[in-house]
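# Geometric and topological summary
Letter by letter, the chains look like this.
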Amino acid sequence: MGWRQSVDLVEFRHAFARFVGPDKYRKFLRALNGEGRWRARLLYWQEEMLSRFAASTGNEMVTFEQVESLLRVCEMHHLELERDPEALSSRCRGAVTDYTRAQAEHFPNTDCGPLEMGRRRENYRSGRWYCPTCRASESEWRRRTGSGSD
Ligand SMILES: [Zn+2]
């Protein structure tokens, strides 16, 4: 099945979102943008969702390798993620702070995982995916609260 062209890519997202519903679609993207790219594989419930969708539409897009590039999108702002080859991606999120609370609410996707995906021993890797609106929102939050970058 050819979901490769950009129109198909948008169609795939819309069809998948319609099929699973907005809450599950958001949850799917959240998991992908959280640790998904570090793991470079889907969680069981994600595979289940894709299998049901694949069966209903006759497509065969059920693996991480097949869908990751189709679903490279911010679940909050619905924007394409962009690549920053310079920034570090961090595998672990720290303890709950004002920053992590604001992040969850306003800018969840300043770090959507490494450009080079897959399980590795290190907790940091150079090059990461991010949502441009999340990044702008984070800068605004830092400016407003006087917190420098960490
Ligand atoms: Zn965003």
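Calculation criteria
- Residues numbered from 1 in each chain as written.
- Predicted model: local features only at pLDDT ≥ 70, side-chain atom pairs only at ≥ 80, totals over all residues.
- Helix = DSSP H or I, 4+ residues; strand = E, 2+ residues; numbered from the N terminus.
- Rg over C-alpha atoms; globule rule 2.2 N^0.38 Å.
- Contact = placed C-beta atoms within 7 Å.
- Core = buried A, V, L, I, M, F, W, Y, C linked by C-beta atoms within 7 Å.
- Buried ≥ 20, exposed ≤ 12 C-beta atoms within 10 Å, placed from the backbone.
- Expected span 1.5 Å × (residues − 1).

### A few points about the overall build of the protein
Looking only at helices and strands, one finds 6 helices and 2 strands in the protein. The helix and strand sequence of the protein, counted from the amino end, reads α-α-α-α-β-α-β-α. Expected size for 150 residues packed as a compact globule is a radius of gyration near 15 Å; at 16 Å, the protein falls within 12% of this value. Taking the contacts inside the protein whose residues are at least 6 apart along the sequence as the reference set, 65% of them involve residues at least 24 apart.

### Concerning unusual backbone geometry
At Ala40, a position not held by glycine, the phi torsion is positive, near 55°. Among the secondary structure elements, Ala40 is positioned in the loop between α2 (22-39) and α3 (44-57). Even without being a glycine, His78 presents a positive backbone phi close to 55°.

### Notes on the nonpolar core
Ranked by internal contacts, the top residues of the largest apolar core, which has 20 residues, are Leu29, Cys74, Leu81 and Tyr130. Listing elements by their share of this core, those giving two or more residues are α1 (6-20), α2, α3 and β2 (124-130). Looking at this core, the element that brings in the most residues is α2, giving 4 residues. If sequence neighbours within four positions are ignored, Tyr130 has contacts with Leu81, Glu82, Asp84, Asn109, Thr110, Asp111, Cys112 and Arg135.

### Points about α2
The end-to-end C-alpha separation of α2 is 24 Å, in line with the 26 Å expected for 18 residues at 1.5 Å each. Phi turns positive one or two residues past the end of α2, at Ala40, with a value near 55°.

### Considering the environment of His78
Along the polypeptide, His78 turns up in the loop between α4 (64-67) and β1 (82-90). Considering only alpha carbons, one finds His78 and Thr133, 55 residues apart in sequence, at a separation of 9.7 Å.

### Side note on the environment of Asp84
Tracing the backbone shows Asp84 in strand β1. When the C-alpha atoms of Asp84 and Leu9 are compared, they prove to be 22 Å apart, with 75 residues separating the residues in sequence.

### Examining the environment of Met76
Inspection of the secondary structure puts Met76 in the loop between α4 and β1. Ignoring sequence-local partners within four residues, the contact set of Met76 consists of Pro108 and Asn109.

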